[in-house]
Amino acid sequence: MLFRSEPHIIDVIVPMLCAYLPTWWNHGPDNADPKGGSHITMVASENLNVLLKIVLKLIMKNVSIAEAEWMSRIAMISTPIIINTSEELLKDPFLPLMEKIRTAVNKMYEKEESCRGYLKTAADDASQIEGEIQEEWNLIARDIYAFYPLIIKYVDLQRTHWIRNNVEEAEHIYNAAGEIFNIMKQSSYFKREELNFIS
């Protein structure tokens, strides 16, 4: 979607901001010495949080869209900006994105299961249907690998706060991730496409 009309945003601007903002954040007001140290930039945690939110919304808009090849590298590019993240990001956009991916995984697994019996009996159409299923699982693998490195790092930073405060949305994140992992384990097509995606 966005990539066709404005490829420079994904190919140039987002990688540049993700590379430079963490460096400038280290010299910003969040890291100034409280005993009178100064800072040389105004880049603060809020700037990193806004950029992370934009990245997650980009991922959300492109879940299950085949033309978004950039999704395969977005996690590597944007992981450095997850430094001092806000807990408000859990409700929006982390939780809605996790739910969107969980829904896609559930629908695909139901489709795979409903086609299983048909694939055994229909030899002619089986290869075409299997090909479609594999393509759809490939997109889901790409979407998961675009999102999971970000959520894993975010969870590492927020886990203690969530445990102390019994955050309900965090429980939803864990349950959705567990459900996705269970389906990933059960689906032979997903396992195959995940190996293809990684290699």
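As a reminder, the structure under discussion sits directly above these lines.
A few points on the structure. Fair warning: this is a prediction, and the values are worked out from it, not measured in the lab. (Residues numbered from 1 in each chain as written. Predicted model: local features only at pLDDT ≥ 70, side-chain atom pairs only at ≥ 80, totals over all residues. Heavy atoms only, no water.)

1. Describing the overall build of the protein chain
Quick note on the threshold: Strands are runs of DSSP state E lasting at least 2 residues, helices are runs of H or I lasting at least 4, and numbering of each runs from the N terminus. Burial classes: relative accessible area under 20% of the type maximum marks a residue as buried, over 50% as exposed, and values in between as partly exposed (1.4 Å probe, protein chains only). Any two residues whose heavy atoms approach within 4.5 Å at even a single point are treated as in contact. Only the protein chains shown count as cover for residues, and all accessible areas are computed by the Shrake-Rupley method using a 1.4 Å probe. Only four residue types enter the charge count: Lys and Arg as positive, Asp and Glu as negative, with His and the chain ends excluded. Positions of charges follow a simple convention, taking NZ of Lys, CZ of Arg, CG of Asp or CD of Glu.
Secondary structure assignment for the protein chain yields 8 helices and 0 strands. The order of helices and strands in the protein chain, counted from the N terminus, is α-α-α-α-α-α-α-α. With the C-alpha coordinates of the protein chain rotated into their principal frame, the extents come out at 75 × 40 × 25 Å. Split into buried and exposed, the 199 residues of the protein chain put 43% on the buried side. When contacts within the protein chain are restricted to residue pairs at least 6 apart in sequence, those whose partners lie at least 24 apart make up 75%. With the model as given, the accessible surface of the protein chain reaches about 11,000 Å², and the carbon-plus-sulfur share is 55%. Within the protein chain, one finds 20 positive and 28 negative side-chain charges whose respective centroids are separated by 3 Å.

2. Topic: the pattern of salt bridges
To keep it simple, the criterion reads: Basic side-chain nitrogens of Lys or Arg form a salt bridge, by our definition, when they fall within 4 Å of a carboxyl oxygen of Asp or Glu.
As enumerated under the stated definition, the model contains 10 salt bridges in all. The partner of Glu99 in a salt bridge is Arg102, with the nearest N and O atoms 2.5 Å apart. Of the two residues, Glu99 and Arg102 are both situated in helix H5 (residues 90-121); the distance of 3 residues between them amounts to about one turn of the helix. On the basis of relative accessibility, which here comes to 25%, the residue Glu99 falls in the partly exposed class. Through salt bridges with shared partners, a single ionic network connects Lys53, Lys57 and Asp92.

3. Focus on the packing of helix H7 (residues 168-186) against helix H8 (residues 188-198)
The axes of two packed helices give the description: the angle between them and the distance between them. So the rule is basically this: In this analysis an axis means a line fitted to C-alpha atoms, helices contributing only their contacting stretch, and an angle means the value between N-to-C directions, from 0 to 180 degrees. To sort the angles, those under 35 degrees are grouped as roughly parallel, those over 145 as roughly antiparallel, those from 65 to 115 as roughly perpendicular, and the leftovers as oblique.
The N-to-C vectors of H7 and H8 enclose an angle of 95 degrees; their axes lie 5 Å apart at closest approach. The orientation of H7 with respect to H8, classified from their angle, is roughly perpendicular. Contacts between H7 and H8 involve Met184, Lys185 and Gln186 from the former and Ser188, Phe190, Lys191 and Glu194 from the latter.

4. Describing the packing of aromatic side chains
Using the following cut-off: In summary, the pairing rule links any two rings of Phe, Tyr or Trp, Trp by its six-membered ring, whose centres are within 6.5 Å, and it sorts them by plane angle into stacked for under 30 degrees, edge-to-face for over 60 and tilted for everything else.
Per the stated rule, a full pass over the model turns up 8 aromatic pairs. Plain terms: the ring middles of Tyr145 and Phe197 are 5.5 Å apart, the flat faces sit at 40 degrees to each other, and that makes the pair tilted. Pair noted here: Tyr145 is in helix H6 (residues 123-165) and Phe197 is in helix H8, with a separation of 52 residues, a long-range link. Here Phe197 falls in the partly exposed class, since its relative accessible area comes to 21%.

5. Comments concerning a nonpolar patch on the surface
Put simply, the rule is: Patches here are clusters of residues that have more than 30% relative accessible area and form no salt bridge, with a 9 Å joining cutoff for like charges and a 5 Å cutoff for nonpolar side chains (Val, Leu, Ile, Met, Phe, Trp, Tyr).
A cluster of nonpolar residues, Val12, Ile13, Met16, Leu17, Tyr20, Trp24 and Ile40, forms a patch on the protein surface that exposes about 670 Å² of accessible area. Summarising the element assignment, Leu17 is placed in helix H2 (residues 7-26).

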